[in-house]
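Chain by chain, the residues:
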Amino acid sequence: MSFVFPLTTPSVAIVGESARFPVRRIFCVGRNYAAHAREMGKDPDKEPPFFFTKPADAVVESGATIPYPPETKNLHYEMELVLAIGREGTNIEPERAFDYIWGYCCGIDLTRRDLQGQAKDMGRPWDWGKAFDQSAPVSAIHNASEVGRLDKGRIWLAVNGKVKQDSDLSLMIWPIADIIAFLSRSMKIMPGDLVMTGTPEGVGPVVPGDRITGGIDRLGEIAVNIGAAEAGRIGIAAE
Ligand code: MN
């Protein structure tokens with residue numbers, strides 16, 4: 001018996017345009033601010049960046065209510081600058097990296113911290129901690145020609161109006177240009193790829209009913225609500 005199903009391409013809104021940015025892959029930098037590396041118990045020495053991925057359809061529009069995900073008791077926010085890649089490239093020199101960035105947006109790398117911790121302890125992949133459904137809320141993309149090079153500027157996140165993360169893009173261990181250079185040595189970057197560039201210190205848990213807001217200078221803000229777990233799915237937040 002044959003079977004055909006509709007497959008839609010995940011996409012992200014673009015500021016000031018009705019066209020949308022189709023998402024091909026989501027790459028994430030593992031550790032890119034020294035103070036966050038320290039709060040996670042790691043030495044922030046400048047070792048080469050490492051990457052993990054989320055599926056393209058993990059993207060969620062800003063403004064959404066995201067159900068508390070299953071199998072965790074410790075859902076964390078991580079506010080991040082997101083790069084939207086617009087050109088194919090390999091072995092890109094840092095000096096040319098900005099030629100490949102179509103635009104920028106705000107993103108939150110939602111993390112099941114308990115599952116990530118178990119994976120680290122057991123030497124297993126991070127996917128179950130990082131790459132779950134609706135784990136990548138993003139705001140509308142600003143074209144790079146309108147905002148310039150996002151290599152500095154305030155990045156912040158608040159839960160229920162209380163600021164939890166407050167840093168500056170200039171404090172990245174590996175700046176944007178170096179991230180593109182490293183990534184394009186291992187992977188051919190392609191139009192539609194998103195790159196989440198790591199989070200500053202101040203990560204922490206959210207529970208159902210919480211509202212997360214965040215912003216980056218020149219990129220506006222992102223907001224998501226954490227809803228109740230879906231019926232029949234284990235997803236009980238710690239009190
Ligand atoms: Mn992250």
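Here the structure is shown first, and the text comes after it.
Here the structure is a predicted model, which means the values were calculated and not measured.

**So, the coordination of the manganese ion**
Right, so step 1: Summarising the metal site, the manganese ion is bound by the protein donors Glu78 (OE), Glu80 (OE) and Asp109 (OD), whose distances to it range over 2.0 to 2.2 Å.
Right, so step 2: By relative accessible area, which is 4% here, Glu78 ends up buried.
Right, so step 3: Residue classification places Asp109 among the buried positions, given a relative accessible area of 0%.

**Section: the pairing of strand S14 (residues 162-168)**
Remark: a regular strand shows side chains that alternate across the two faces of the sheet.
Right, so step 1: Two elements, strand S13 (residues 154-159) and S14, share six bridges in a ladder whose sense is antiparallel. In the sheet register, Leu157 faces S14, and the bridge partner there is Gln165.

**Topic: the pairing of strand S17 (residues 211-216)**
Right, so step 1: Within S17, five of the six residues are buried, which leaves it mostly tucked inside the rest of the structure.
Right, so step 2: Of the strand pairs in this sheet, S13 and S17 are connected by five bridges, and their pairing is antiparallel. Paired with Leu157 across the two strands is Gly214, which belongs to S17.
Right, so step 3: Bridge analysis of S17 against strand S18 (residues 220-227) gives six bridges, and the strand direction is antiparallel. Bridge pairing in S18 places Ile212 opposite Val224.
Right, so step 4: Where S17 hands over to S18, the hairpin turn is made up of three residues, of which Arg218 adopts a positive phi near 75°.

**Some thoughts on the pattern of salt bridges**
Right, so step 1: Overall, the coordinates contain nine salt bridges when judged by the stated rule.
Right, so step 2: Where Glu78 meets Lys130, a salt bridge forms, and the shortest distance between an N and an O atom there is 3.2 Å. Of this pair, Glu78 sits in the loop between strand S7 (75-77) and strand S8 (79-85) while Lys130 sits in helix H3 (residues 127-130), and the two are 52 residues apart along the sequence. Each of the two residues, Glu78 as well as Lys130, counts as buried.
Right, so step 3: Across the pair Arg96 and Asp99 runs a salt bridge whose closest N-O atoms are separated by 2.6 Å.
Right, so step 4: Residue Asp99 is classed as partly exposed on the basis of its relative accessible area of 33%.
Right, so step 5: Several salt bridges converge on common partners, so that one network encompasses Lys54, Glu78, Asp109, Arg113 and Lys130.

The rules we used
- Residues numbered from 1 in each chain as written.
- Predicted model: local features only at pLDDT ≥ 70, side-chain atom pairs only at ≥ 80, totals over all residues.
- Heavy atoms only, no water.
- Donors = N, O, S within 2.8 Å, 3.2 Å for Na, K, Ca; no water.
- Buried < 20%, exposed > 50% of the residue type's maximum accessible area, 1.4 Å probe, protein only.
- Pairing = 2+ DSSP bridges.
- Helix = DSSP H or I, 4+ residues; strand = E, 2+ residues; numbered from the N terminus.
- Salt bridge = Lys/Arg side-chain N within 4 Å of Asp/Glu carboxyl O.

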